[in-house]
Amino acid sequence: MELRKIRFDETYQPGRIDFAGEDLEQISPLHVAGSAEALAHSDGEVRIQGKYTVEMRARVRPLAWDVRAFPLDGAFDLFYRPVSVIAREEEVEIGEDEVEIGFYEGGGLELEDVLREQVLLALPMQRTCSEDCKGYLPGLWPEPE
């Protein structure tokens, strides 16, 4: 990648990014706009910034056959380094300043992989039928402790 910003403005139709293993379905086009750049004096570090919108559908608790739509409107500002900067045979401790940095192998990053990760991180871990749902049905299942 050259030492200049590369702008992108892409739309991914449902099915182009694989969310099947997460029991999710993309129900609207995923639109993303932003930029990517190789950072000067950084040994291959890349910064990707952008905003995205998409609507996802997922199975929710308390009833596994219920589905709910999750409209997402998010932004990201990510830094990546080549895995070769830490790749060694022994385990390597990563410092606090590196916790927010991802790593890539080979010639670069795929925007689809970045977007998949961002969508999964934006969704709630406990997907329930509504914002105020506790995830159980009184009288059917015991109340969680």
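Residues numbered from 1 in each chain as written. Predicted model: local features only at pLDDT ≥ 70, side-chain atom pairs only at ≥ 80, totals over all residues. Heavy atoms only, no water.

Checked against the element boundaries, Q26 lands in strand β2 (residues 24-26). Separated by 2.9 Å, the side chain of Q26 and the backbone oxygen of Y12 make a polar contact. Side-chain polar atoms of Q26 contact the backbone oxygen of S28, separated by 2.9 Å. (Helix = DSSP H or I, 4+ residues; strand = E, 2+ residues; numbered from the N terminus. Polar contact = N/O pair within 3.5 Å; in protein donor to acceptor, adjacent residues only side chain to side chain.)

Our focus in this paragraph is the nonpolar core. Among the nonpolar cores identified, the biggest contains 26 residues, and L30, V32, I48, Y52, F76, L115 and V119 are the most heavily contacted of them. Secondary-structure elements contributing two or more residues to this core are β1 (6-12), β3 (30-38), β4 (46-59), β5 (67-82) and α1 (111-122). Here this core takes six residues from β4, the largest share from any one element. Ignoring any residue separated from it by four or fewer positions in sequence, one finds L115 in contact with Y12, I17, L30, V32, Y52 and F76. (Core = buried A, V, L, I, M, F, W, Y, C linked by side-chain atoms within 4.5 Å. Buried < 20%, exposed > 50% of the residue type's maximum accessible area, 1.4 Å probe, protein only. Contact = heavy atoms within 4.5 Å.)

The next point concerns the pattern of salt bridges. Opposite charge on two side chains permits pairing when their charged atoms draw close. Under the counting rule described, the total for this entry stands at four salt bridges. Linking E25 and R57 is a salt bridge whose minimum nitrogen-to-oxygen distance equals 3.0 Å. With E25 in strand β2 and R57 in strand β4, the pair connects residues that are 32 residues apart, well separated along the chain. On the basis of relative accessible area, E25 is assigned to the partly exposed category, the value being 40%. Among the ionic pairs, R47 bridges to D77, the shortest N-O distance being 2.6 Å. Of this pair, R47 sits in strand β4 while D77 is found in strand β5, placing the two residues 30 residues apart along the sequence. Since its relative accessible area comes to 23%, R47 is described here as partly exposed. (Salt bridge = Lys/Arg side-chain N within 4 Å of Asp/Glu carboxyl O.)

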